[in-house]
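One-letter residues, chain by chain:
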Amino acid sequence: MLSKIITEENVKQAYALIEDSENVVIISHVGPDGDAVGSTLGMYHFLKGLEKQATVVLPNEFPQYLNWMPDSDTIVIAEDNLDATVQLLKHADLLIMIDFNELGRVNGLKPLIEVSNVPKILIDHHPFPADIADVVISHPELSSASELVFRLICRMGFAQKISKECAECIYTGMMTDTGGFTYNSNQSEIYVIIAELLRKGVDKDLIYKKINFSHSEDRMRLMGYCLYEKMKIYPEYRTAVIGLSEDELNRFAAQTGDTEGIVNLPFSIKGIVFSAFFREDKKRKKIKISFRSQGDFPANRVASEYFNGGGHLNAAGGDTKLSLSETLQQFVDVLPEYKELLSKVEL
Ligand SMILES: [Mn+2]
């Protein structure tokens, strides 16, 4: 039995909106990851089971290691299909936004959502959700939005309606947002849910292989290059830094998603508390930043205080408009400010 963490009021409101809807557009964040794609496709399969029209719209391309997910080929990529996206939002009678907490996270979809006057539901696990929906179901204590989608479906009384396809999507989101249940994954109810998903027919070992054993040789060599050539360790700050220029990314023919996970590699080293990954994006004229931390060191605080971003305690992101070397310098310059906090973290 799962505890009822979603309020009765939220469940009722969400159910009323879903019941009244016929054309639902489901949206997640830019740089879609396993949880973004898993939670939205999970919701999509659930709504299909209720005989609703549903479409997942993502701001930009999702990584190829997710393209085995059931009906992922129906996902509309807004960046590449602007006209179709405009039409979809125009004809939608309900928007369900999942796995993000403010419209700055959806790039080009932002103005389309802002002008839409249909009801909106937000389902998210990032702290401090903005006031962007009629129903806000926000639970930062959960490790994935996919888990929240599962809980909402069950609370609305449709546990029986969860298909194998829906279960596979939800499982994928739960697995990827916890690094294969290696962080943010000590809540026992996660495993109650997994047991339920397995009963629905999910092959969890196969999903692990599909996600993790599906990369290119180039990507593997890029990882090797990062570790051998690029990783800098600052032992006095228990911090690791990796920065990649676009030329370096091109050298390894890096595809969408190829740099994902690189930020976690330095945690293999004993004592590392904070890991930062910087990637040059010339097209968008910025440096994209990923922060990861261990224990109670607030990666999201560094992101929000200095790098135009935010996120979770242990996983955050941001960007700068500086050059790569200036950004790396800025990072090294602010580290002393966090030295005491970093030194206190117990691993
Ligand atoms: Mn998530």
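In what follows, the structure referred to is the one given above.
Residues numbered from 1 in each chain as written. Predicted model: local features only at pLDDT ≥ 70, side-chain atom pairs only at ≥ 80, totals over all residues. Heavy atoms only, no water.

S.K.: What is the right way to read the coordination of the manganese ion from this model?
M.R.: Each pair of donors in an ideal octahedron of six around a metal sits at 90 or 180 degrees, and each pair in an ideal tetrahedron of four sits at 109.5 degrees. The manganese ion binds to the protein through Asp35 (OD), Asp99 (OD), His125 (NE2) and Asp177 (OD); the donor distances cover 2.1 to 2.3 Å. Read in sequence order, the donor residues coordinating the manganese ion give the pattern D-x63-D-x25-H-x51-D. Placement of the pair is Asp35 in helix H2 (residues 34-49) and His125 in the loop between strand E5 (120-124) and strand E6 (135-138), with a sequence separation of 90 residues. According to the relative accessible area criterion, Asp35 is buried, its value standing at 0%. Given the relative accessible area of 2%, His125 is considered buried. (Donors = N, O, S within 2.8 Å, 3.2 Å for Na, K, Ca; no water. Helix = DSSP H or I, 4+ residues; strand = E, 2+ residues; numbered from the N terminus. Buried < 20%, exposed > 50% of the residue type's maximum accessible area, 1.4 Å probe, protein only.)

S.K.: Could you clarify how one ought to interpret the side chain of Arg219 in this entry?
M.R.: Assignment of secondary structure puts Arg219 in helix H9 (residues 217-230). Summary of buried charges: Arg219 has no salt-bridge partner, and the nearest side chain of opposite charge, Asp258, is 4.7 Å away. Sequence-distant contacts of Arg219, defined by excluding residues within four places in its chain, comprise Gly257, Asp258 and Glu260. (Lys, Arg positive; Asp, Glu negative; His and termini not counted. Salt bridge = Lys/Arg side-chain N within 4 Å of Asp/Glu carboxyl O. Contact = heavy atoms within 4.5 Å.)

S.K.: Would you mind going over the state of the cysteines with me for this structure?
M.R.: Simply put, disulfide is the name for a covalent bond between the sulfur atoms of two cysteines. Counted under the stated rule, the structure contains zero disulfides. The thiol of Cys154 is unpaired, and the distance to the nearest cysteine sulfur, on Cys166, comes to 9.2 Å. The thiol of Cys169 is unpaired, and the distance to the nearest cysteine sulfur, on Cys166, comes to 6.8 Å. Looking at Cys169, the relative accessible area reads 0%, which means it is buried. (Disulfide = S-S within 2.5 Å.)

S.K.: Honestly, the sheet that holds strand E2 (residues 53-58) in this entry has me stumped. Any pointers?
M.R.: Strand-to-strand pairing in sheets goes through backbone hydrogen bonds, with the strands running parallel or antiparallel. If you walk across this open sheet you meet the six strands as E3-E2-E1-E4-E5-E6, and the pairing is parallel. The strands lining the two open edges of the sheet, one partner per strand, are strand E3 (76-77) and E6. For strand E1 (residues 23-27) and E2, the ladder comprises five bridges, and the chain directions are parallel. Across the sheet, Ile26 pairs through a bridge with Val56, a residue of E2. Sheet strands in contact with helix H5 (residues 145-155) are strand E4 (94-98), E5 and E6, and its direction is about 120° off that of E5. (Pairing = 2+ DSSP bridges. Axes fitted to C-alpha atoms, helices over the stretch in contact; angles between N-to-C directions.)

S.K.: Mind showing me how you'd approach the pattern of salt bridges here?
M.R.: A side chain with one charge can pair with a side chain of the opposite charge if their charged atoms come near. Under the definition given, this model contains 15 salt bridges. Among the salt bridges present, the one from Glu305 reaches Arg301, with a minimum N-O distance of 3.1 Å. Placement of the pair is Glu305 and Arg301 together in helix H11 (residues 299-306), with a separation of four residues, close to one helical turn. Among the ionic contacts, a cluster of salt bridges with common partners joins Glu79, Asp281 and Arg284.

S.K.: Whenever I open this one, the pairing of E1 confuses me. Can you help?
M.R.: The two faces of the sheet receive side chains in turn, since in a regular strand these alternate between them. Counting buried residues along E1, four of its five residues qualify, which places the element largely inside the surrounding structure. For the crossover that starts at E1, traverses H2 and ends in the parallel E2, the hand is right-handed. In terms of strand pairing, E1 meets E4 through four bridges, oriented parallel. Bridge pairing in E4 links Ile26 to Ile96. (Right-handed = clockwise from strand over helix to strand, strands pointing away.)

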